[in-house]
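Below are the chains, spelled out letter by letter.
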Amino acid sequence: MLTVLECINKSADYLAAKGVECARTNAELLLGHLLKCNRLDLYLKFDQPLSENEIELYREFLKRRGMFEPLQYIIGSVEFYGLKIKVTPSVLIPRPETELLVETVINSVDKEDELNILDIGCGSGNISVALAANFPNSIVTGIDISADAIKIAKENAGLHNLSSRINFSLKDILKDVSFDSKKFDIIISNPPYVSEMDFEKVQPEIKNYEPDVAVTDHSDGFVFFRKISGISDKILRQQGMLFFEVAVNQSDHVKKILLNNGFENINIVNDYQNIERIIYGIKN
Ligand code: GLN
């Protein structure tokens, strides 16, 4: 019978041999998920034997991870801005860079403001949920082209008791730009910004498992930045703010797009790797 420690050691070796980075951490996180405890608690259970059933399930997890399925899809959730967000292969896995996008909004407006917010390409609903949770007087509209994503996003709003202030709906912003509500105070988007050319080079974890539609525009990478900036006259109020997450080397061009569409006071925020990652401006 294998103990927790033996399991971790064996599986860390297995994942390392498959070429998975941070193999031991992965092994611990998967076992922690299985045993419903956090990684640190595993250290208190080192001598505990695992049941046959647990070993069987753990083996399944390891097999999937060994084939480079992202850890977050196996575990089924991710922590985003301090909130637990359910994820499935129908949605992009929320990234730490996107927490910076949320933080930038939080640092730019008054917490008590009655904001009408639009999140374009909401995916799992991570951004909408984090903003609704941090702006208690806000109303958030989240749209996405994927019906499966909208389903997950609704679940996430429910999980955090925010369904009454978040309205998720199916919409392709490239085809339909009509909204029932009054003009928005804030528009935010982390759109599919990988160009067709760069999409060839993305990591296998992304390419093989995350939804293409959330990652690439199958064009030059700027399709959504142009579209959203272009329709801002119609859907964003004067002095309203637009926040984007961008890819490496996109900020200069996105800044031009924003300037051409009547935005001013444009700011850029660098991420943890010092990459220009967040860009935002005020509608003139
Ligand atoms: N809004 C989600 C996120 O930021 C999904 C983005 C997307 O699918 N491109 O993680």
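Residues numbered from 1 in each chain as written. Predicted model: local features only at pLDDT ≥ 70, side-chain atom pairs only at ≥ 80, totals over all residues. Heavy atoms only, no water.

Next up on the list: the sheet that holds strand β8 (residues 263-270). Hydrogen bonds between backbone groups are what pair the strands of a sheet, and the pairing can be parallel or antiparallel. Reading across from one edge, β5-β4-β3-β6-β7-β9-β8 is the order of the seven strands in this open sheet, with mixed pairing throughout. Edge positions in the sheet fall to β5 (166-170) and β8, since each of these pairs with one other strand and no more. Neighbour-to-neighbour, the strand axes of the sheet open up by a mean angle of 15°, direction not taken into account. Of the pairings in the sheet, the one linking strand β6 (residues 184-189) to strand β7 (residues 236-245) comprises five bridges and is parallel in character. For I187, the partnering residue across the bridge sits in β7 and is L242. Where helix α6 (residues 96-108) meets the sheet, its contacts fall on β6, β7, β8 and β9 (276-283), and the angle it forms with β7 comes to roughly 155°. Along the sheet face, helix α12 (residues 223-230) touches β3 (116-120), β6, β7 and β8 and points at about 170° away from the line of β7. (Pairing = 2+ DSSP bridges. Helix = DSSP H or I, 4+ residues; strand = E, 2+ residues; numbered from the N terminus. Axes fitted to C-alpha atoms, helices over the stretch in contact; angles between N-to-C directions. Contact = heavy atoms within 4.5 Å.)

Let's shift gears to the pairing of β8. By the bridge criterion, six bridges tie β8 to β9 in an arrangement that is antiparallel. Bridge pairing in β9 links E264 to I282. Hairpin connection, β8 to β9: the antiparallel pair is bridged by five residues, and N274 has positive phi, about 65°.

Turning next to the pattern of salt bridges. In this structure the tally under the stated criterion is 15 salt bridges. E56 is the partner of R59 in a salt bridge, and the nearest nitrogen-oxygen pair spans 3.4 Å. Of this pair, R59 and E56 both sit in helix α4 (residues 52-66), three residues apart, roughly one helical turn. Notably, a salt bridge pairs D172 with K175, separated by 3.7 Å at the nearest N-O pair. Assessed through its relative accessible area of 18%, D172 is described here as buried. Residue classification places K175 among the exposed positions, given a relative accessible area of 74%. A cluster of three or more residues bridged by salt bridges with shared partners is formed by R24, E28 and R39. (Salt bridge = Lys/Arg side-chain N within 4 Å of Asp/Glu carboxyl O. Buried < 20%, exposed > 50% of the residue type's maximum accessible area, 1.4 Å probe, protein only.)

Once that is clear, we can look at the packing of helix α2 (residues 23-34) against α4. Helix-helix packing is characterised by the crossing angle of the two axes and by the distance between the axes. Two numbers describe how α2 lies on α4: the axes approach to 10 Å, and their chain directions differ by 140°. Compared by their axis directions, α2 and α4 come out oblique. α2 and α4 meet at a crossing whose hand is right-handed. Note on element contacts: α4 touches α2 through E54, L57, Y58, F61, L62 and R65, opposite N26, A27, L30, L31, H33 and L34. Each residue belonging to the contact of α2 with α4 can be placed in one class, and the counts come to eight nonpolar, two polar and two charged. (Parallel < 35°, antiparallel > 145°, perpendicular 65-115°, else oblique. Left-handed = near helix turned anticlockwise from the far one by under 90°. Nonpolar A, V, L, I, M, F, W, Y, C, P; charged D, E, K, R; others polar.)

Attention now goes to helix α7 (residues 126-134). Of all nine residues in α7, seven are buried; the element is thus mostly enclosed. Residues of α7 that are buried: N126, I127, S128, V129, A130, L131 and A132.

Turning next to the packing of helix α1 (residues 4-18) against α2. Axis separation between α1 and α2 bottoms out at 8 Å; the angle between their running directions is 130°. It follows that α1 is oblique to α2 by the angle criterion. The interaxial crossing formed by α1 with α2 has right-handed handedness. Contact with α1, carried on its side by V4, L5, C7, I8, N9, S11, A12, L15 and A16, involves A23, R24, N26, A27, E28 and L31 of α2 and no other residues of that element. Its residues assigned to classes, the contact of α1 with α2 shows ten nonpolar, three polar and two charged.

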